[in-house]
Amino acid sequence: MRPEHCVTGHHVKVWHQQVLPSEPEHIGLGAVLRGSLLPILVWAGIACFVCFIYNPLVSMALGGLFALSFIVGYGLRRKAKHSVRCSVYGALGGVLDKSMAGF
């Protein structure tokens, strides 16, 4: 996959709905984070709650779970021949998206 066409797995659905522009467009990390503001706040809120109620070690374990999910997502995207930037953005967006599946 060429880097200019590589964004996330969601781009195919968006393309079929004719929402994307006709030319490749750079998507920055800020756009990924703006679109994922609610999951970021939920992760941070749960980590703070757990840190104050239980123990900071439990909060660190939650951060480790987030990091492990990110690393697995990054590795799967790199294995699928995505670019490094696409892999980072896609793994971050994927972790934040899938973490909200239960809510």
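This report concerns the structure included in the present document.

Cut-offs and rules
- Starting afresh in each chain, residues are numbered from 1 along the sequence in its written order.
- Two thresholds apply to this predicted model, a pLDDT of at least 70 for residue-level local features and 80 or more for giving and counting side-chain atom pairs, whereas whole-chain, interface and lining totals are computed over all residues.
- Where side-chain values are given, they derive from all heavy atoms of the structure, hydrogens and water being excluded.
- Counting from the N terminus, the helices are the DSSP runs of H or I reaching at least four residues and the strands are the DSSP runs of E reaching at least two.
- Accessibility here uses a 1.4 Å probe with only protein chains present; expressed as a share of the type maximum, an area under 20% marks a residue as buried, one over 50% as exposed, and anything in between as partly exposed.
- Using a 1.4 Å probe, the Shrake-Rupley method yields the accessible areas, and only the shown protein chains count as cover for residues.
- By convention, a stacked pair of Phe, Tyr or Trp rings (six-membered ring in the case of Trp) has centres within 6.5 Å and planes under 30 degrees apart, an edge-to-face pair has planes over 60 apart, and any other such pair is tilted.
- Only the stretch in contact is used when fitting a helix axis, every axis being a line fitted to C-alpha atoms; angles between N-to-C directions are given from 0 to 180 degrees.
- Any angle between 65 and 115 degrees counts as roughly perpendicular, while under 35 counts as roughly parallel, over 145 as roughly antiparallel, and the rest as oblique.
- By definition, turning the near helix anticlockwise from the far helix through less than a right angle yields a left-handed crossing, and turning it clockwise yields a right-handed one.
- By the convention used here, residues are in contact when the closest approach between their heavy atoms is within 4.5 Å.
- Put simply, a nonpolar core is a bunch of buried Ala, Val, Leu, Ile, Met, Phe, Trp, Tyr and Cys residues held in one set by side-chain atoms that sit within 4.5 Å of each other.
- What goes into a patch is any residue over 30% in relative accessible area without a salt bridge, connected to like charges within 9 Å or, for nonpolar side chains (Val, Leu, Ile, Met, Phe, Trp, Tyr), within 5 Å.
- Put simply, a salt bridge is a Lys or Arg side-chain nitrogen that is within 4 Å of an Asp or Glu carboxyl oxygen.

A few words on the overall build of the chain. The helix and strand tally for the chain stands at five helices and zero strands. Each helix and strand of the chain, ordered N terminal to C terminal, gives the series α-α-α-α-α. Looking at the chain as a whole, 23% of its 103 residues are labelled buried. For the chain, the exposed surface amounts to about 7,400 Å²; the carbon and sulfur share of it is 68%.

Its identity is not glycine, yet lysine 81 carries a phi of approximately 70°, on the positive side. For lysine 81, a relative accessible area of 62% puts it in the exposed group.

So, about the packing of aromatic side chains. Counted by the stated rule, this structure contains one aromatic pair. With centroids separated by 4.8 Å and ring planes inclined at 70°, the aromatic side chains of tryptophan 43 and phenylalanine 66 adopt a geometry described as edge-to-face. Linking tryptophan 43 in helix α3 (residues 37–53) with phenylalanine 66 in helix α4 (residues 56–79), this pair joins segments that are 23 residues apart in sequence.

Time to look at the packing of α3 against α4. The contact between α3 and α4 brings their axes to 7 Å, and the two run at 155°. For the element pair α3 / α4, the angle class is roughly antiparallel. In the crossing of α3 with α4, the sense of the turn from one axis to the other is right-handed. Together, Trp43, Ile46, Ala47, Val50 and Cys51 of α3 and Pro56, Val58, Ser59, Leu62 and Phe66 of α4 make up the contact between the two elements.

Let us look at the nonpolar core. With seven residues, the main nonpolar core is built from Val32, Trp43, Ala47, Leu62, Tyr89, Leu92 and Leu96. Elements represented by at least two residues in this core include exactly α3 and α5 (84–99). Tallying contributions element by element places α5 first for this core, with three residues. In this view, tryptophan 43 contacts Leu62, Phe66, Leu96 and Ser99; residues no more than four positions away in its chain are not counted.

Attention shifts here to a nonpolar patch on the surface. A surface patch of nonpolar side chains, amounting to about 620 Å² of accessible area, comprises Phe49, Phe52, Ile53, Tyr54 and Val58. If you tally residues by element for the nonpolar patch, the top one is α3, at three residues. Assignment of secondary structure puts valine 58 in helix α4. By relative accessible area, which is 39% here, valine 58 ends up partly exposed.

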